[in-house]
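Residue-level structure breakdown
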Amino acid sequence: MISEKRNNLLLKVTGILLLGAGVSFADYIEGIDTTDANGYGLDSALMVTANDINGLKYHLGPGGGAGYFWGLFTYSFDDIKIAATEQLNPYGPPTGFYCSVIKKKDNTYSKVQVLKKLADGRYVFQYGTNTTPNDRMLEKLDYDRSVRYKPNNVYSTFGYMTGIGTLTWEPPLPNNNHLLGYIYYMPKRGVFIDTTAPINPAQWDSIAFSDSTRLTLNPAQSYGYFNLVAVYTEGKSDFLQGWTFRNCLLNGVNWTSSSPNRLLNKIAVKKTDGGFLITLQPYRANTGPLSLAVFNVTGVGVAQIPVIKGNSAIWKTDNLAEGVYLIRAKLPDKSVLTRTMVFTR
């Protein structure tokens, strides 16, 4: 009994000594702090100036020509779950108080967002730091595995002469859902996006699907606001929080006026008895025959759909397994339109 009391007392004393010495076993910590009068914080790893913050910025920056933008998606602070490691933009990062990732001298990563400037010239900032050197994860180790997490570090580049864009990213945090791939979204034609309001999924169209962490985009898919979600057997992740505009010009001509088939046409899908009515709008049948087909996420064709009324077709879904499918329309000029659809019963 005396020995047990001694052990308990020793544990309590040891705990008090560790706390007094400032020892912390946290793998990831978040907080709010203030820079000094010169704009330095996080043990001088953070530097804030009048309109800029050091580190790797989560925002597209100017590229190699007027109107071209490269860089990371404009992530919100909460959506940054893994620290990005490369700027990749050879023409310089953007300025502004965007979220940034900073690697300190002790090789620990922090995400940072400036919240406000005080009257005395200091800055209030929010931070999240992984206390383990060289560990890029910016989330607690015991995070909720039931969440359908979003893609990490979405990065946009472009082809200067071709206007062809590339989107790359890192997978979501590991979780208990079954990842199928990713859907690239853009606003529906004619929709005005209010960047002061939350994202409304009804205003967005699925443009392309990828089962890898890379997507090649034609110029029409590279101009305007965009978003990327992860698709699981259990459903989709939420949209990324952060308005990001891709501006891609080709030889000084806005591609939105030079590729009518890819921009003016869209694939509309409407549920009917035993299937879906697929319509290409506002496609004119007198321009030539239209081909419609459906593929699963592995690229295997599951249906070749006969076209009716020149621009519509009925896709019968009897005995079709639940999952993600890609609807592909081939136009007479050999250009191709695609639309991703998640089928559930």
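Residues numbered from 1 in each chain as written. Predicted model: local features only at pLDDT ≥ 70, side-chain atom pairs only at ≥ 80, totals over all residues. Heavy atoms only, no water.

With that out of the way, let us pick up the side chain of Asn-153. Along the chain, Asn-153 falls in strand S11 (residues 152-158). Reaching out from Asn-153, the side chain makes a polar contact with the side chain of Glu-170 at a distance of 2.6 Å. Not counting residues within four places of it along the chain, the set of residues in contact with Asn-153 comprises Tyr-58, Leu-72, Tyr-75, Ile-82, Ala-83, Ala-84, Arg-136, Thr-168, Trp-169 and Glu-170. (Helix = DSSP H or I, 4+ residues; strand = E, 2+ residues; numbered from the N terminus. Polar contact = N/O pair within 3.5 Å; in protein donor to acceptor, adjacent residues only side chain to side chain. Contact = heavy atoms within 4.5 Å.)

Of note, Gly-242 is situated in the loop between strand S18 (235-236) and strand S19 (245-246). For Gly-242, a relative accessible area of 22% translates into the label partly exposed. C-alpha of Gly-242 to C-alpha of Thr-74: the two residues are 168 residues apart in sequence and 5.1 Å apart in space. Those residues in contact with Gly-242 that lie beyond four places of it in its chain are Phe-73 and Thr-74. (Buried < 20%, exposed > 50% of the residue type's maximum accessible area, 1.4 Å probe, protein only.)

On inspection of all chains with the given rule, the structure shows 15 aromatic pairs. Between Phe-73 and Tyr-75 the ring centres are 5.6 Å apart and the planes differ by 80°, which places this aromatic pair in the edge-to-face class. Residue Phe-73 shares its accessibility class with Tyr-75, and that shared class is buried. Each ring, one from Tyr-184 and one from Phe-226, has its centre 5.8 Å from the other, and the planes form 25°; the classification is stacked. Note that Tyr-184 is positioned in strand S13 (residues 179-187) and Phe-226 in the loop between strand S16 (224-225) and strand S17 (227-232), a separation of 42 residues in sequence. (Phe/Tyr/Trp six-rings, centres within 6.5 Å; stacked < 30°, edge-to-face > 60°.)

Moving on: unusual backbone geometry. For Asp-43, which is not a glycine, the phi torsion comes out positive at approximately 55°. Residue position: Asp-43 is located in the loop between strand S2 (40-41) and strand S3 (46-49). In this model, Asn-134 sits at a positive phi of 65°, which is unusual for a non-glycine residue. Among the secondary structure elements, Asn-134 is positioned in the loop between strand S10 (123-130) and S11.

Once that is clear, we can look at the confidence of the model for the protein chain. Confidence in the prediction of the protein chain, expressed as mean pLDDT, is 79, and 75% of residues score 70 or more. Between residues 1-24, whose pLDDT stays under 50, and residues either more than four places distant or in other chains, the model counts two contacts. Scored below 50 in pLDDT, residues 249-264 makes 31 contacts in the model with residues more than four places away or belonging to other chains. (pLDDT = per-residue confidence, 0-100.)

Attention now moves to the sheet that holds strand S5 (residues 56-57). With respect to topology, five strands assemble into an open sheet ordered S1-S10-S9-S8-S5, the strand pairing being antiparallel. Of all the strands in the sheet, the pair left with one neighbour each is strand S1 (28-34) and S5. Note that strand S8 (residues 100-103) and strand S9 (residues 109-117) share four bridges and pair antiparallel. Bridge pairing in S9 links Lys-103 to Tyr-109. (Pairing = 2+ DSSP bridges.)

Topologically, Lys-81 is positioned in the loop between strand S7 (69-72) and S8. Here Lys-81 is in contact with Arg-136, Met-137, Leu-138, Glu-139, Tyr-149, Asn-152 and Leu-173, once residues within four sequence places are set aside.

In this section: the sheet that holds S3. Read from one edge to the other, the open sheet built from three strands follows the order S2-S3-S4, with strand pairing classed as antiparallel. Of all strands in the sheet, those with a lone pairing partner are S2 and strand S4 (52-53), marking the two edges. Relative to S4, S3 runs antiparallel, the two sharing two bridges. The partner of Val-48 across the bridge, within S4, is Ile-53.

The method is simple in principle: a probe with the dimensions of a water molecule rolls over the atoms, and the space it marks as empty is what remains. By volume, the second largest pocket is sized at about 240 Å³. Lining the second largest pocket are 14 residues, with Lys-236, Arg-339, Thr-340, Met-341 and Val-342 positioned closest to its centre. Listed by contribution, the elements that provide at least two residues to the lining of the second largest pocket are S13, strand S14 (204-210) and strand S29 (336-343). Among the elements that make up the lining of the second largest pocket, the one with the highest residue count is S29 (five residues). Among the residues forming the lining of the second largest pocket, the class breakdown is eight nonpolar, three polar and three charged. (1 Å grid on protein atoms, 1.4 Å probe; cavity = no way out; pocket = protein on both sides within 12 Å on 5 of 7 lines; lining within 4 Å. Points joined across faces, edges and corners; volume = space filled by probe spheres on them. Nonpolar A, V, L, I, M, F, W, Y, C, P; charged D, E, K, R; others polar.)

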